[in-house]
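# Reading the structure
So you can see what is in the structure, the chains are spelled out below.
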Amino acid sequence: MLSRAALLSVQRPLGVLAARTAVSSSAERPVRLEQPGKVRLGFLPDEWFQFFYNKTGVTGPYTFGVGLITYLCSKEIYVMEHEYYSGISLAIMAVIAVKKLGPPIAKWADFEIDRVEREWNEGRENELKALKESIDAEKQEQWRAEGALILMDAKKENIALQLEAAFRERVINVYNQVKHRLDYQVECRHIERRLSQKHMVNWIVNNVLSSITPQQEKDTLNKCIADLNALAARSK
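Treat the numbers as computed from the prediction; the structure is a model and nothing was measured.

## Concerning the overall build of the protein chain
Along the protein chain, the regular secondary structure elements total six helices and two strands. Put simply, the protein chain runs from its N terminus to its C terminus through helices and strands in the order α-α-β-β-α-α-α-α. Pairs at least 24 residues apart make up 30% of the contacts formed inside the protein chain by residues separated by at least 6 positions.

Structure representation (C-alpha cells):
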C-alpha cells in the first residue's frame, strides 16, 4: 500500500502538468534563481532544484524526494535496522555539536590563527626594523668615513697653507735682510761721496786762500767797496 501511494504521489497526469505549466506561463512569474554555488538542505546543489523547477514546478523536487524515500523504505531497499537509529542519533549529535561547539571552536581557531599570524608579522617587522637600523648605521658609518676623508683633505690644505705662510715669511725675511745690506752699502757710498766732496772743497778753498796775497785781498776789498758805492748811488 505504501509503495502504491508513493507511486501515485510521484506519478502525475499529463493534463495536470500541462495545466500548471499553462497557468505558470500565463501568470508570468519567473522563478527566483539563487546565486550559483549555493546548496540546499545542507548538501544538495541549488542547480538541481533549478532544473526540477524548470521541469516540474516548485513542488517537484520535494515531491520526488519524498516519493523516492517512501519507495525505498516500502520496498525495504533501505532497511531501517538498529544501526539506522544509531545513525540518526549520531547525525543529531553531530548537528548539535556543530551548532553548539562549532562557533566557539571556530572563534578559538580564528584567534589562534590571528595570534600566530600576529607573531609572524611581529617577527617579520622586528627583523625588518633591525635590518633598517643596520642599513641606517651603515649609511651613518659611510657618512663618517666621507667626513674623515674631508677632514683629511682639510688637514692637508691647512698644512699646505702653513708651509706657504712659512715660505712667504722666510722670503720676507730674506728680502728685508738683503734690503738692509743694500741700504747699508748705499749709505756707505753716500758717506764716502760726501767725505770726498767735503775734502775736495776744503782742499780747493785752502789752495785758493793760500794763493791769494795780502795785496790782492786789499785790492779785491777796495773793488767791492767801490761796487757797493756805485750801486748805492744808482739806487738813489
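## Here we look at the environment of glycine 60
Structurally, glycine 60 is set in helix 4 (residues 60-74). By relative accessible area, which is 7% here, glycine 60 ends up buried. Along the backbone, glycine 60 and phenylalanine 49 are 11 residues apart, and their C-alpha atoms lie at a distance of 8.7 Å.

## Structural notes on a nonpolar patch on the surface
Side chains of Met200, Val201, Trp203, Ile204, Val205, Val208, Leu209 and Ile212 sit close together on the surface and give an oily, nonpolar patch of about 750 Å² of accessible area. Tracing the sequence through the fold places valine 208 in helix 5 (residues 82-211). The class for valine 208 is partly exposed, based on a relative accessible area of 41%.

## Regarding the confidence of the model for the protein chain
The pLDDT averaged across the protein chain works out to 78; a share of 82% of its residues lies at or above 70. Taken element by element, the predicted model of the protein chain shows its lowest mean pLDDT in helix 1 (residues 2-10) (38) and its highest in helix 5 (89). Confidence drops under a pLDDT of 50 for residues 1-34, and excluding neighbours within four residues, the segment shows 24 contacts in the predicted structure.

## Looking at the pattern of salt bridges
Pairing is possible between side chains of opposite charge, provided their charged atoms come close. Under the counting rule described, the total for this entry stands at seven salt bridges. Between glutamate 112 and arginine 115 there is a salt bridge, and its shortest N-O distance comes to 2.6 Å. Pair noted here: glutamate 112 and arginine 115 are both in helix 5, with a separation of three residues, about one helical turn. Residue arginine 115 is classed as partly exposed on the basis of its relative accessible area, which comes to 28%. A salt bridge links glutamate 141 to arginine 144; the shortest N-O distance between them is 3.5 Å. Within this pair, glutamate 141 and its partner arginine 144 are both found in helix 5, separated by three residues, close to a single helical turn. The class for arginine 144 is partly exposed, based on a relative accessible area of 48%.

## What to know about helix 5
Across its 130 residues, helix 5 extends 185 Å between first and last C-alpha, which sits within 8% of the 194 Å expected from 1.5 Å per residue. Where helix 5 bends most, at leucine 101, the angle is about 45 degrees, and the proline proline 103 comes one to four residues later.

## Notes on helix 3 (residues 46-56)
Listed as buried for helix 3 are Asp46, Phe49, Gln50 and Tyr53. Buried residues of helix 3, seen end-on, are gathered within an arc of 100 degrees and therefore sit on one face of the element. Exposed side of helix 3, more than 90 degrees from the buried face: Trp48 and Lys55 are the residues found there. Trailing helix 3 by a residue or two, glycine 57 shows a phi angle of about 95 degrees, which is positive.

## A look at the packing of helix 3 against helix 4
Following both chains from N to C, one finds helix 3 and helix 4 inclined at 105 degrees, their axes separated by 8 Å at the closest point. In terms of orientation, helix 3 and helix 4 fall into the roughly perpendicular class. Within the contact between the two elements, helix 3 uses Phe49, Phe52, Tyr53 and Thr56 and helix 4 uses Gly60, Pro61, Tyr62 and Phe64. In the contact of helix 3 with helix 4, the residues fall into six nonpolar, two polar and no charged.

Conventions and cut-offs
- Residues numbered from 1 in each chain as written.
- Predicted model: local features only at pLDDT ≥ 70, side-chain atom pairs only at ≥ 80, totals over all residues.
- Heavy atoms only, no water.
- Helix = DSSP H or I, 4+ residues; strand = E, 2+ residues; numbered from the N terminus.
- Contact = heavy atoms within 4.5 Å.
- Buried < 20%, exposed > 50% of the residue type's maximum accessible area, 1.4 Å probe, protein only.
- Patch = residues over 30% accessible without salt bridge, like charges linked within 9 Å, V, L, I, M, F, W, Y side chains within 5 Å.
- Areas by Shrake-Rupley, 256 points an atom, 1.4 Å probe, with all protein chains shown as cover.
- Salt bridge = Lys/Arg side-chain N within 4 Å of Asp/Glu carboxyl O.
- pLDDT = per-residue confidence, 0-100.
- Expected span 1.5 Å × (residues − 1).
- Bend = angle between axes of the 7 residues up to and from the residue.
- Arc of directions from axis to C-beta.
- Axes fitted to C-alpha atoms, helices over the stretch in contact; angles between N-to-C directions.
- Parallel < 35°, antiparallel > 145°, perpendicular 65-115°, else oblique.
- Nonpolar A, V, L, I, M, F, W, Y, C, P; charged D, E, K, R; others polar.

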